[in-house]
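Below, each chain spelled out in residue letters.
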Amino acid sequence: MAHREPPPPGTTNATAWLFLSPWIATFALFGLYPFAFSLWASFTDYSPVRAGGSRFVGLENYGRALVDPAFWSALGNTAVFVVGTIPFTTALALGLAVAVQPAFRGRTLFRVGFFMPSVVSVVVLSLIFKGLYATDGAINGLLAALGLPQPAWLNDPRTALPAIMVMDVWAASGYYMIILLAGLEAIPRELYDAARIEGASAWACFTRITLPLLRPTLLFVLVVNTVRSLQIFAEVFVMTRGGPLRSTNTVVYYLYEQAFYRFDLGYASAVAYLLFVVTLGLAFVQMRTLRTTPEAAR
Amino acid sequence: MIGRRAAGRAALLLAAVFAATASCARAGHEIVFWQFWPAEVVTPILERFEREHPGTRVRMEQLTWQSGLEKITAALASGNVPDLCELGSTWMPRMLDSGQLADWSAGVADLRPELRGWELCTIGDAVYGIPWVMGTRALFYNKTLFARAGLDSTRPPETWEELRAAAAAVHRLGGGVSGYGVQSGERYVLFKKFMPFAWGNGGRILADDLRSAVFDSPENRAALEFYVGLRSVGVMERQDVLDRAFKEGKIGLQVSGAWLFKSIPRDAPGLRYGVALVPRPERERGTHASFAGGEVLVSFAGSKQRQAALELARFLVRPENALALAASAKSVQPAGVGIDTAAYYREHPDEALMVRQFETAVPTPNHPAWVDMEAAIEDEIEQALFDRKTAAEAVAAAQQRLAELVGKR
């Protein structure tokens, strides 16, 4: 290898900073600044439509949220959404990934097909499902043909949230399938070959080799999906606007209403930070319980 | 070292770009106008204004109903507000309370007898905008279904009892046909469908001085009982689903808006339908009330071209210009008094009915906490619609929430 002169001290750093600066500037302007601003706003009664400055109110906004039944009901709906979708999304994504991993004719078609919903905008998907779920929509048409009762899906407080959850599982699985597929591809083939020589069944291969070695990928899928699900908004905004009877009112939809219908940006920021704390806590717990232990890595 | 100098140069360049864009925005006599209507409808009107006012340019930006309010909120937060802005009546109470709107009292005094809807932009004697176009809700009914149900399709129901009877007759046709479209499950819409019956029955929301809630009244209770009762001769759904079902000929009657004049010819050109005033409680009692909404033109205290903006607003509300917008959009009618005698409305009697409906329509109270009040009323109406509360309980609960909100700013 040719020997190279070390660059003069200081240059590398400066050049590196220069090349990084577009990203740093964008991140500072559109990432850090709003982050810091909303943190400040959460301690004030900031409202953009009020003339004059905003008042520092300390923890008042946080206290208000914690005693507001609407906030708790939104948090409850969000929890139901997260708990009710993530196991299904993960299981479906894993099943799909295992199904489309081996080489077979038309494999690419299936992979692309399952991934397709992730490419389509959530708003478009929501509009399509709104039509499918309508009282006289395609789903009820099918049920009617089978002689089954036809619920008012999005217009019934009992079925509205589950209906959105089913759509989310369907729409999100393909994306996580691709990530899990990458994890599957990374598992050395030799392990399966050796196991088969030892006479291991397909199920044993799956539980003893695939699952343990897929753990880091599964953890990533779980954490990313939890963070995304906690922020569920567009589906609710397009399909139900939080109704009926606030049964689909999620935390982000609630804070959106506080910010852009009531102009209560200080309070909305506090709600956002409460959600941030919940998200951080959940991600921490997931990492602690699922992270690869030294024994498992061995 | 080289890197640092380059970074410095880049920063200078960036600053120069910012300075250039900033000065561009200030150059010339330019009115920045934010509004919600399609550009092809508004641009010709703005071009006429520019021809009438040489040297003045209008830079129009079209907002969307979905994100327009967010954009206006952001503009107010940053202090970078447009000169003239269209605001929906729902947002007006809070905007009026904000102290951020420009006072136009002196500039619009002569217009006051010529336009309706000043309640939307007035506090006391001070006027903070000009009503541009108005929107209300009326009764739409399917003439084919009326005929099939043995009803006279030239005689729409005028009273609650007739409405219920007509809905029941259509509902009995069966085969996927519903008598009445009961609005539910959607915020910011349900209110406009229920209150026409409450107002028509003499019910009110707040006292005239806006200091106390008067929602818990026999009038409002009876109206809610009547509205909830329509479920048995109809279907409960969201606005867009009901509108689609109406166009497909599956709903006999529903209260809806003038946007149907645009979408029925497009989606269901063969539909035989009629439009009527919202029925009143009895032939000799109550009124054909409805919801009075509208679009108001405002300028902000922080706007740079407030005088020019007022001139543009006065131009836009001229009968011929407001009519050009209304005739194309169809979902709204000009705020001008007596506009229904215009040739256009003589040729379009269904649309003219909306103008008449507006005469007995009721504006919402200009209370700063109005958005919360509307939500409180909607929540409780929904409780009754989903059988979680009786009409009396729901009205009492709404009263309690309104009483709490009335003292808040």
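1. Some thoughts on the overall build of chain B
Inference 1: Along chain B, the regular secondary structure elements total 17 helices and 15 strands.
Inference 2: Each principal axis of the C-alpha atoms in chain B carries an extent, and together these give about 85 × 50 × 50 Å.
Inference 3: By residue count, 48% of the 409 residues in chain B fall in the buried class.
Inference 4: When contacts within chain B are restricted to residue pairs at least 6 apart in sequence, long-range pairs at least 24 apart make up 74% of them.

2. Quick look at the pairing of strand S11 (residues 273-276) of chain B
Regular strands show a simple pattern: their side chains alternate between the two faces of the sheet.
Residues and elements named next belong to chain B.
Inference 1: Burial of S11 is one-sided: the residues Tyr273 and Val275 facing one way are buried, the residues Gly274 and Ala276 facing the other way are not.
Inference 2: Looking at chain direction, strand S7 (residues 137-142) and S11 are connected through four bridges and run antiparallel. In the strand pairing of S11, Leu139 is matched with Ala276.

3. So, the confidence of the model for chain B
Inference 1: Residue-level pLDDT values for chain B average 90, and 93% of them are 70 or greater.
Inference 2: A low-confidence stretch, residues 10-27 of chain B stays under pLDDT 50, and its non-local contacts, those more than four residues away or across chains, total zero contacts.

4. A closer look at the interface of chain B and chain A
Inference 1: Contacts between the two partners involve 34 residues from chain B, matched on the other side by 26 residues from chain A.
Inference 2: Taken together, the elements giving at least two residues each to the side of chain B that touches chain A come down to helix H1 (2-26), helix H3 (68-78), helix H4 (92-98), strand S9 (234-237), helix H10 (239-247) and helix H16 (370-385) of chain B.
Inference 3: Classifying every residue of the side of chain B that touches chain A gives 15 nonpolar, nine polar and 10 charged.

5. Structural notes on the domain arrangement of chain B
All names here are of chain B.
Inference 1: Taken domain by domain, chain B comprises domain 1 (23-135 + 293-362) and domain 2 (137-291 + 369-406).
Inference 2: Just the C-alpha atoms count here: the centres of domain 1 and domain 2 sit 29 Å apart.
Inference 3: Sort the elements by how many residues they give to the side of domain 1 that touches domain 2 and helix H15 (residues 349-359) lands first, with six residues.
Inference 4: Its residues placed into classes, the side of domain 1 that touches domain 2 shows six nonpolar, seven polar and five charged.

6. A few points about the sheet that holds strand S8 (residues 178-183) of chain B
All names here are of chain B.
Inference 1: Within the open sheet, the five strands sit side by side as S9-S8-S10-S7-S11. Their pairing is mixed. Two strands close off the open sheet at either side, each with one partner strand: S9 and S11. Pairwise comparison of adjacent strand axes, ignoring direction, gives a mean angle of 25° for this sheet.

7. Focus: the sheet that holds strand S3 (residues 84-88) of chain B
All names here are of chain B.
Inference 1: Taken in spatial order, the six strands of this open sheet run S2-S1-S3-S13-S6-S14, and their pairing is mixed. Every other strand in the sheet has two partners, leaving strand S2 (56-62) and strand S14 (333-334) as the edge strands with one partner each.
Inference 2: The pairing of S3 with strand S13 (residues 293-298) spans four bridges and is classified as antiparallel. Each residue of the ladder has a partner; that of Gly88, found in S13, is Glu295.
Inference 3: The strands that helix H2 (residues 39-52) touches are strand S1 (29-35) and S2; relative to S2, the one it contacts most, it runs at about 170°.

8. Considering helix H5 (residues 122-133) of chain A
Inference 1: Here H5 of chain A contains 12 residues, and its C-alpha end-to-end distance of 16 Å stays within 8% of the 16 Å for a straight helix at 1.5 Å per residue.
Inference 2: On its buried side, H5 of chain A packs onto helix H4 (107-119), helix H6 (138-145), helix H7 (160-185) and helix H10 (234-239) of chain A.

9. Here we look at helix H9 (residues 218-229) of chain B
Residues and elements named next belong to chain B.
Inference 1: The first and last C-alpha atoms of H9 sit 16 Å apart over 12 residues, in line with the 16 Å expected at 1.5 Å per residue.
Inference 2: Among all positions in H9, only Glu219, Asn220, Arg221, Ala223, Leu224, Phe226, Tyr227 and Val228 are buried.
Inference 3: Considering only its buried residues, H9 is in contact with helix H7 (160-171), helix H8 (190-200), H16 and helix H17 (391-406).

10. Here we look at the packing of H8 of chain B against H16 of chain B
Between two packed helices, the angle of one axis relative to the other and the distance separating the axes together describe the packing.
All names here are of chain B.
Inference 1: Remark: H8 packs on H16, axes separated minimally by 10 Å, with the N-to-C direction vectors making an angle of 80°. As summarised for this structure, H8 and H16 are arranged roughly perpendicular, according to the angle between their axes. Contact residues: H8 offers Leu190, Phe191 and Phe194, while H16 offers Glu374, Ile377, Glu378, Ile381 and Glu382.
Inference 2: When its residues are assigned to classes, the contact of H8 with H16 shows five nonpolar, no polar and three charged.

11. A short note on unusual backbone geometry
Inference 1: Residues Gly243 of chain A and Pro244 of chain A are joined by a peptide bond in cis, for which omega reads -15°.
Inference 2: Checked against the element boundaries, Pro244 of chain A lands in the loop between H10 and helix H11 (251-260).
Inference 3: Phi is positive for Phe263 of chain A, close to 60°, though the residue is something other than glycine.
Inference 4: Within the element layout of this structure, Phe263 of chain A appears in the loop between H11 and helix H12 (265-290).
Inference 5: Here Asp387 of chain B, not a glycine, exhibits a phi torsion of approximately 60°, which is positive.
Inference 6: Within the secondary structure layout, Asp387 of chain B lies in the loop between H16 and H17.

12. A few points about the environment of Gly229 of chain B
Inference 1: Here Gly229 of chain B is to be found in helix H9.
Inference 2: Taking the C-alpha atoms as reference points, Gly229 of chain B and Leu385 of chain B, separated by 156 residues in sequence, lie 9.0 Å from one another.

13. Examining the pairing of S8 of chain B
Residue and element names in this part refer to chain B.
Inference 1: The buried count for S8 comes to six of six residues, which makes it a mostly enclosed element.
Inference 2: Looking at chain direction, S8 and strand S10 (residues 251-257) are connected through two bridges and run parallel. Looking at S10, one finds that Ser178 is bridged to Ile251.
Inference 3: Pairing analysis gives four bridges linking S8 to S9, with the strands arranged parallel. In the strand pairing of S9, Tyr180 is matched with Gly234.

14. What about the environment of Phe110 of chain A?
Residues and elements named next belong to chain A.
Inference 1: Mapped onto the elements, Phe110 comes out in helix H4.
Inference 2: On the basis of neighbour count, Phe110 is assigned to the partly exposed category, with 14 C-beta atoms found within 10 Å.
Inference 3: Distance in space between the C-alpha atoms of Phe110 and Gly131 is 25 Å, their sequence separation being 21 residues.

Basis of the calculations
- Residues numbered from 1 in each chain as written.
- Chains lettered and ligands numbered in written order.
- Predicted model: local features only at pLDDT ≥ 70, side-chain atom pairs only at ≥ 80, totals over all residues.
- Helix = DSSP H or I, 4+ residues; strand = E, 2+ residues; numbered from the N terminus.
- Buried ≥ 20, exposed ≤ 12 C-beta atoms within 10 Å, placed from the backbone.
- Contact = placed C-beta atoms within 7 Å.
- Pairing = 2+ DSSP bridges.
- pLDDT = per-residue confidence, 0-100.
- Nonpolar A, V, L, I, M, F, W, Y, C, P; charged D, E, K, R; others polar.
- Domains from an automatic or database assignment.
- Axes fitted to C-alpha atoms, helices over the stretch in contact; angles between N-to-C directions.
- Expected span 1.5 Å × (residues − 1).
- Parallel < 35°, antiparallel > 145°, perpendicular 65-115°, else oblique.

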